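# An overview of the molecular structure
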Amino acid sequence: HCVSHALAEADSLCARQGVRLTALRKRVLELVWQSHKPLGAYDILAVLSEQDGRRAAPPTVYRALDFLLENGLVHRIASLNAFIGCNHPEHPHQGQFLICRLCHTAIELERPAIAEAIDSAAGSVGFSVEGQTVEVVGLCSNCRNAA
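What counts and how
Chains are numbered independently. Their residues run from 1 in the order of the written sequence. Thresholds applied to this predicted model are a pLDDT of at least 70 for local features of residues and 80 or more for the giving and counting of side-chain atom pairs; totals over whole chains, interfaces and linings are not thresholded and use all residues. With hydrogens and water stripped out, all remaining heavy atoms of the structure feed into the side-chain values. For Phe, Tyr and Trp, where Trp contributes only its six-membered ring, two rings pair if their centres lie within 6.5 Å, and the inter-plane angle classes them as stacked under 30 degrees, edge-to-face over 60, or tilted in between. Numbering goes from the N terminus for both helices and strands, where a helix is a DSSP run of H or I of at least four residues and a strand is a run of E of at least two. Burial status follows relative accessibility: with a 1.4 Å probe on protein chains alone, a residue under 20% of its type maximum counts as buried, one over 50% as exposed, and anything between as partly exposed. Charge over a ring is defined by NZ of Lys or CZ of Arg lying within 6 Å of the ring centre and within 35 degrees of the ring normal. We call two strands paired when DSSP finds no fewer than two bridges between them. Fitted lines through C-alpha atoms serve as axes, helices being fitted only where they are in contact, and the angles separating the N-to-C directions of these axes extend from 0 to 180 degrees. Here the expected length of a helix is defined as 1.5 Å per residue gap, with one fewer gap than residues. Relevant arc is that of directions from the helix axis to the C-beta atoms, nothing else. What makes two residues a contact is simply this: any of their non-hydrogen atoms within 4.5 Å. A patch is a set of surface residues, each over 30% in relative accessible area and not in a salt bridge, joined within 9 Å for like charges and within 5 Å for the nonpolar side chains Val, Leu, Ile, Met, Phe, Trp and Tyr. Shrake-Rupley sampling with a 1.4 Å probe provides the accessible areas, and residues are treated as covered by the protein chains on show and by no other component. Whenever Lys or Arg places a side-chain nitrogen within 4 Å of a carboxyl oxygen from Asp or Glu, that contact is recorded as a salt bridge.

On to the packing of aromatic side chains. Tallied over the full model, the rule gives one aromatic pair. Plain terms: the ring middles of Y42 and Y62 are 6.4 Å apart, the flat faces sit at 75° to each other, and that makes the pair edge-to-face. Here the residue Y42 occupies a position in helix α3 (residues 41–52), and Y62 occupies one in helix α4 (residues 58–70), the gap between them amounting to 20 residues. Residue Y62 is classed as partly exposed on the basis of its relative accessible area of 33%. Against the face of F67 rests R25, its NZ or CZ located 3.8 Å from the ring centre.

Below is the structure:
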């Protein structure tokens, strides 16, 4: 359900913004959402090759991911060098994630107070924030219960 909802939102958002969600961009977004965990570009490339029989080159996948990032449809998890679907692409926001150090599950938070606190602290020292992604590492409830 979440995959079809994300794809429908992406179609609608791209139409409103006047940008083109090509078949490859849509497939990359679908793969990111299907994984339910952050997915790296080479993981996406492998799935495209194995499941779809596409012989896509890494730059092609990176261009699709760049498009999805620019349009707020995915977030980049820098510590994992991977991408995850955005839960709220309809309104621009800063990414805040809880990342499990064992299973690499990433849970997106959307807490405006966190972004505001960072902006305020940065402003107090004369720093102008151009973008922010907060990554908090720990254990998810499943891994914590298993331990």
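Each strand in a sheet pairs with another by means of backbone hydrogen bonds, the pair being arranged parallel or else antiparallel. What the three strands build is an open sheet, ordered β4-β3-β5; its pairing is mixed. Edge positions in the open sheet fall to β4 (106–109) and β5 (133–138), since each of these has one partner strand only. On average, each strand axis in the sheet is inclined to that of its neighbour by 20°, with strand direction left out of account. Note that strand β3 (residues 95–100) and β5 share six bridges and pair parallel. Counted as the bridge partner of Q96 is V134 from β5.

What follows concerns α4. The end-to-end C-alpha distance of α4 is 18 Å, a good match for the 18 Å that 13 residues give at a rise of 1.5 Å each. Within α4, burial applies to V61, A64, L65, F67 and L68. Angular distribution of buried residues about the axis of α4 spans 155°; they occupy a single face of the element. Counted as exposed and oriented over 90 degrees from the buried face of α4: R63 and E70. Looking at the packing, one finds that the buried side of α4 touches α1 (2–17), α2 (23–35), α3, β1 (74–77) and β2 (82–85).

Where nonpolar side chains cluster on the molecular surface, the patch consists of L98, I107 and V136 and spans about 220 Å² of accessible area. Looking at the element boundaries, L98 is found in strand β3.

Side-chain pairs of opposite charge can arise whenever the charged atoms involved come near each other. With the rule as written, the count across this model stands at two salt bridges. One salt bridge in this structure joins R27 and E30, with 3.0 Å as the shortest N-O distance. Taken together, the residues span about one helical turn, with R27 and E30 both in helix α2 at a distance of three residues. Using a relative accessible area of 13% as the deciding quantity, one classes R27 as buried. Look at E30 and you get partly exposed, because its relative accessible area is 23%.

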